[in-house]
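# Reading the structure
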Amino acid sequence: MFDLLRKKRNHGRGSPRQVARERVQSAIRRDRTDISGPQLSALRNSMLFTIREHLPVAPEFTEFGIQRDGDELFLVSRVRLLQGH
């Protein structure tokens, strides 16, 4: 989303070569983050299994996904710890 906004702001600026380079770099970044639903689900299950080996946790993540902030990617996850176990 931020890439689209940045492109709209910069539309018409820079040489055609610079614009083309930015588009290719943006496409490459998107390709790196394209994770299919089954892949993300498998990652979620694997992480939850691993965390459960060390801590008492709720059955599901409260939040789990990949988020972009500018050029950086973050795996965002939140799992509730069970108390009294």
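Structure shown above.
Scope of this entry: the structure provided in the associated data block. Note that the structure is predicted; figures quoted are calculated from it, not measured.

## Brief notes about the overall build of the protein
Helix and strand content of the protein: three helices and two strands. Residues counted as buried form 14% of the 85 residues belonging to the protein. Taking all contacts inside the protein whose residues are at least 6 apart in sequence as the whole, residues at least 24 apart take part in 36%. Carbon and sulfur atoms form 54% of the exposed surface of the protein, whose accessible area is close to 7,100 Å².

## Considerations on the nonpolar core
Among the nonpolar cores identified, the biggest contains five residues, and these are Leu-40, Leu-48, Val-57, Phe-61 and Phe-64. Among the elements of the structure, helix H3 (37–52) and strand S1 (57–69) are those that each provide at least two residues to this core. By residue number, the principal contributor to this core is S1, which donates three residues. Setting aside residues no more than four positions away along its own chain, Phe-61 makes contact with Arg-44, Met-47, Leu-48, Ile-51, Ser-77, Arg-78 and Val-79.

## A short note on the packing of aromatic side chains
As enumerated under the stated definition, the model contains one aromatic pair in all. A ring pair is formed by Phe-61 and Phe-64, whose centres lie 4.8 Å apart and whose planes are at 40°; its orientation type is tilted. Note on Phe-61: relative accessible area 11%, which makes it buried.

## Considering a nonpolar patch on the surface
A cluster of nonpolar residues, Ile-35, Leu-43, Ile-66, Leu-73 and Leu-75, forms a patch on the protein surface that exposes about 370 Å² of accessible area. By the element assignment, Leu-73 lies in strand S2 (residues 72–81). Using a relative accessible area of 39% as the deciding quantity, one classes Leu-73 as partly exposed.

## Focus: the pairing of S2
Two elements, S1 and S2, share nine bridges in a ladder whose sense is antiparallel. Pairing of Val-57 across the sheet is with Leu-81, part of S2. What sits between S1 and S2 in their antiparallel hairpin is a turn of two residues, with Gly-70 showing a positive phi close to 65°.

## Looking at the environment of Phe-49
For Phe-49, the location among the structural elements is in helix H3. Its relative accessible area of 56% is what places Phe-49 among the exposed residues.

## Details of the environment of Leu-43
Along the polypeptide, Leu-43 turns up in helix H3. You can call Leu-43 partly exposed: its relative accessible area is 34%. The spatial distance from the C-alpha of Leu-43 to the C-alpha of Phe-64 is 9.8 Å, given a sequence separation of 21 residues.

Calculation rules
Residues numbered from 1 in each chain as written. Predicted model: local features only at pLDDT ≥ 70, side-chain atom pairs only at ≥ 80, totals over all residues. Heavy atoms only, no water. Helix = DSSP H or I, 4+ residues; strand = E, 2+ residues; numbered from the N terminus. Buried < 20%, exposed > 50% of the residue type's maximum accessible area, 1.4 Å probe, protein only. Contact = heavy atoms within 4.5 Å. Areas by Shrake-Rupley, 256 points an atom, 1.4 Å probe, with all protein chains shown as cover. Core = buried A, V, L, I, M, F, W, Y, C linked by side-chain atoms within 4.5 Å. Phe/Tyr/Trp six-rings, centres within 6.5 Å; stacked < 30°, edge-to-face > 60°. Patch = residues over 30% accessible without salt bridge, like charges linked within 9 Å, V, L, I, M, F, W, Y side chains within 5 Å. Salt bridge = Lys/Arg side-chain N within 4 Å of Asp/Glu carboxyl O. Pairing = 2+ DSSP bridges.

That's the geometry; what it means functionally is another story.
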